[in-house]
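Next come the chains, spelled out residue by residue.
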Amino acid sequence: MTYGQTISLAPARPDATAPPIGTLSPPVAHAAVAGVLRSYRTAPPGAVVPVAEGLLNRGYRIATADGAAYFLKCYVDRATANRPAILGQHRATAALAARGLPVPPPLANRDGRTVTAYGGRLFALYPWVPGSHRHGTELDPVRCGELGSLLGALHGALREVCAPLRQPDAVLGAEVAETERIVLELRELARAHRPYGPFDRIAEQRLTERLELLAAHRHRRPGPADAPPTGWTHGDFHSLNVLYRGDAVSAVLDWDKLAPHPVAEEAVRAATLLFNDRATGVLDLVRVRHWARAYRATGAADAEQVAAAVHRVWWERLNDLWMLQWHYQRRDHRADPLFPASAGQLTWWCQDYEQVMDAFAN
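Residues numbered from 1 in each chain as written. Predicted model: local features only at pLDDT ≥ 70, side-chain atom pairs only at ≥ 80, totals over all residues. Heavy atoms only, no water.

### Thoughts on the packing of helix 4 (residues 176-192) against helix 9 (residues 322-329)
1) Next: Across the interface, helix 4 lies against helix 9 with an axial gap of 10 Å and an inter-helix angle of 45 degrees. The angle between helix 4 and helix 9 places the two elements in the oblique class. Note that helix 4 runs across helix 9; the crossing there is left-handed. Facing helix 4, whose interface residues are Ile-182, Glu-185, Leu-186, Leu-189 and Ala-190, helix 9 presents Leu-324, Gln-325, Tyr-328 and Gln-329.
2) Next: Of the residues contributing to the contact of helix 4 with helix 9, the split by class is six nonpolar, two polar and one charged. (Axes fitted to C-alpha atoms, helices over the stretch in contact; angles between N-to-C directions. Helix = DSSP H or I, 4+ residues; strand = E, 2+ residues; numbered from the N terminus. Parallel < 35°, antiparallel > 145°, perpendicular 65-115°, else oblique. Left-handed = near helix turned anticlockwise from the far one by under 90°. Contact = heavy atoms within 4.5 Å. Nonpolar A, V, L, I, M, F, W, Y, C, P; charged D, E, K, R; others polar.)

### Regarding the packing of aromatic side chains
1) Next: Using the criterion set out here, one finds nine aromatic pairs in the structure.
2) Next: Between Phe-71 and Tyr-126 the ring centres are 6.4 Å apart and the planes differ by 50 degrees, which places this aromatic pair in the tilted class. Taken together, the positions of Phe-71 in strand 5 (residues 69-74) and Tyr-126 in strand 7 (residues 121-127) put the pair 55 residues apart, joining distant regions of the chain.
3) Next: With relative accessibility at 23%, the residue Phe-71 sits in the partly exposed group.
4) Next: According to the relative accessible area criterion, Tyr-126 is buried, its value standing at 12%.
5) Next: Residues Trp-314 and Trp-315 carry aromatic rings whose centres are separated by 6.1 Å and whose planes lie at 55 degrees to one another, so their mutual orientation is tilted.
6) Next: Residue class for Trp-314 comes out buried when judged on its relative accessible area of 0%.
7) Next: Residue classification places Trp-315 among the buried positions, given a relative accessible area of 1%.
8) Next: A cation sits over an aromatic face here: Arg-61 above Trp-128, 4.7 Å from the ring centre.
9) Next: Stacked on the ring of Tyr-353, the Lys or Arg Arg-220 has its end atom at 4.3 Å from the ring centre. (Phe/Tyr/Trp six-rings, centres within 6.5 Å; stacked < 30°, edge-to-face > 60°. Buried < 20%, exposed > 50% of the residue type's maximum accessible area, 1.4 Å probe, protein only. Lys NZ or Arg CZ within 6 Å of the ring centre and 35° of its normal.)

### Things to note about the layout of surface pockets
1) Next: Its volume calculated, the second largest pocket comes out at about 320 Å³.
2) Next: Around the second largest pocket, the lining comprises 17 residues; the ones closest to its centre are Arg-159, Gln-167, Thr-230, Gly-231 and Val-263.
3) Next: When residues of the lining of the second largest pocket are traced back to their parent elements, those giving at least two are helix 3 (141-161), strand 10 (230-233) and helix 6 (263-274).
4) Next: Broken down by element, the residue count for the lining of the second largest pocket peaks at three residues, all from strand 10.
5) Next: When grouped by side-chain class, the residues that make up the lining of the second largest pocket number eleven nonpolar, five polar and one charged. (1 Å grid on protein atoms, 1.4 Å probe; cavity = no way out; pocket = protein on both sides within 12 Å on 5 of 7 lines; lining within 4 Å. Points joined across faces, edges and corners; volume = space filled by probe spheres on them.)

### Regarding helix 11 (residues 353-361)
1) Next: Looking at helix 11, one finds that the buried residues are Tyr-353, Val-356, Met-357, Ala-359, Phe-360 and Ala-361.
2) Next: Those residues of helix 11 hidden inside the fold are in contact with helix 6, helix 7 (285-297), helix 8 (303-318) and helix 10 (339-351).

### Things to note about empty space enclosed by the protein
1) Next: For the structure on display, the rule yields two cavities of 30 Å³ or more.
2) Next: Approximately 60 Å³ is the volume attributed to the second largest cavity.
3) Next: What lines the second largest cavity is simply Arg-206, Leu-207, Glu-209, Arg-210, Leu-321, Leu-324, Phe-339, Ala-343, Leu-346 and Thr-347.
4) Next: Contributions of two or more residues to the lining of the second largest cavity are made by helix 5 (198-217) and helix 10.
5) Next: In the lining of the second largest cavity, the residues fall into six nonpolar, one polar and three charged.

### Some points on the nonpolar core
1) Next: Counting 72 residues, the largest nonpolar core has Leu-147, Leu-154, Phe-237, Trp-291, Trp-349 and Phe-360 as its most contacted members.
2) Next: Counting residues in each nonpolar core, the second largest holds 14 residues, with Leu-37, Cys-74, Val-76 and Phe-123 among its members. (Core = buried A, V, L, I, M, F, W, Y, C linked by side-chain atoms within 4.5 Å.)

Read these as layout, nothing more, since geometry by itself doesn't imply function.
As structure tokens, this is what we get:
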């Protein structure tokens, strides 16, 4: 094992000066879709239907004249809309698919490339994978375990198909003083917003509560050497990126955030998104336990590493304010529906910290 420099994996602070992501690139016109498809060995497009799910990039379901179906992705998000990043994702997903994992690989165009430029934007074409999304609370405990095993298998395979990584000497957690500064700034924006509405009221209440939680737990910041091992991760594993046909997973989608992170943290973070009550944020700890045991059984992480990940993800959430930063600093409201449950989950997690830890690590 080799070691590198100290890195920070604290929650990313959104660029307050950036316009809302959806304004960075207009929708793809039918003529542009046809232009992109001319680079592939497909029939001309018939129906072109936007895929509504997701906060980043643009996707379209394409039905061609010969009855075939495809998914066309237009890369919009500035962090991922560059050719080297996209090609890295494509190489990894193709390798995962070759190993029999449910990961749809991109299709090559007439030039043998998986990235197509058209009208100043970058596109990728995929076969359309039928299936439906299922929230984790809809799965029985056995299926929860199977999904945990799948993530563990993906982590193991990514370790083999992606470039070797140097383990960092240390991984820094978020600093409370910086978080408190952002909380105070956001609370003033919420108070001053006109017209002052229900969202502003909830935001102000939760931000005041956040200051109290930060004061109560500021001494619990994870140490720089406390992070579990870093490896390649999907980066955004949740129910909207997993498709089911019946009880079986038919596809794990959206690899835009493929990147090195403490691997066990993805297992914890994914569980908080999969097995939460979508109104209150409270986790179904029975399902979490099945998920975590199955994940650990793959060898992707042991109980000690998962426990360290639980504490670090909890600290991350305590210091994470991206939804309100989008709302007040970027005037981007697409994450607004997620905020009540996210804030509720944090409050509950602080109260039931030991029970959550037990469900993940025992």
